[in-house]
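# Coordinate analysis (summary)
The primary structure of each chain is shown beneath.
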Amino acid sequence: ADTSEVFDALVNKNAVKTGIVDNHGSCEHLRNILGPGTKLETNELIWMTDRTPHEALPQTCPGYRQFFRVVTSKVSHWFSQHSTPNPLVGLPDHVVVIDENKFE
């Protein structure tokens, strides 16, 4: 519990082009206008888009953090170093592929 937080907001789909977020999706500079986030409970499942601000919080005790992501055709950006491609379905032409490590 309390290892992930999601914000009730949606970042503009042109955010990278306009500089609202960086190439890795960071929007830390928007924290003061996002308002308080909602911490997720243990085993809680939520629906959010790839444009929903969210963050991993420090864990207070050792343990595994696990998530899964279902990607649909309406995704705008795809981080190739953090996602496993589906060998049966290619990415739509409009998807921007970012081949960088978000954590380096």
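Up top is the structure.
Residues numbered from 1 in each chain as written. Predicted model: local features only at pLDDT ≥ 70, side-chain atom pairs only at ≥ 80, totals over all residues. Heavy atoms only, no water.

The subject of this paragraph is the side chain of Ser 83. Here Ser 83 shows up in the loop between strand 4 (77-79) and strand 5 (96-98). Ser 83 sits in the buried class, given a relative accessible area of 18%. Every residue in contact with Ser 83, bar those within four places of it in the chain, is listed here: Arg 69 and Trp 78. (Helix = DSSP H or I, 4+ residues; strand = E, 2+ residues; numbered from the N terminus. Buried < 20%, exposed > 50% of the residue type's maximum accessible area, 1.4 Å probe, protein only. Contact = heavy atoms within 4.5 Å.)

Structurally, the position occupied by Asp 8 is in the loop between strand 1 (4-6) and helix 1 (15-18). Each C-alpha atom, one on Asp 8 and one on Val 89, is 31 Å from the other, the two residues being 81 residues apart in sequence.

Let us now look at the environment of Arg 31. Mapping Arg 31 onto the fold places it in helix 2 (residues 31-34). The exposure class assigned to Arg 31 is partly exposed, which follows from its relative accessible area of 34%. Taking the C-alpha atoms as reference points, Arg 31 and Gly 19, separated by 12 residues in sequence, lie 15 Å from one another. In this structure, Arg 31 is in contact with Phe 7 and Glu 55, ignoring residues within four places of it in sequence. Side chain to side chain, Arg 31 and Glu 28 meet in a polar contact 2.8 Å long. (Polar contact = N/O pair within 3.5 Å; in protein donor to acceptor, adjacent residues only side chain to side chain.)

With the rule as written, the count across this model stands at 2 salt bridges. The salt bridge involving Glu 28 is made with Arg 31; its shortest N-O contact spans 2.8 Å. Look at Glu 28 and you get partly exposed, because its relative accessible area is 47%. Arg 31 is paired through a salt bridge with Glu 55; the nearest N and O atoms lie 3.0 Å apart. One end of the pair, Arg 31, is in helix 2; the other, Glu 55, is in strand 3 (residues 54-56), with 24 residues separating them in the sequence. Connected through shared salt-bridge partners, Glu 28, Arg 31 and Glu 55 make up one network. (Salt bridge = Lys/Arg side-chain N within 4 Å of Asp/Glu carboxyl O.)

Keep in mind these values describe shape, not function.
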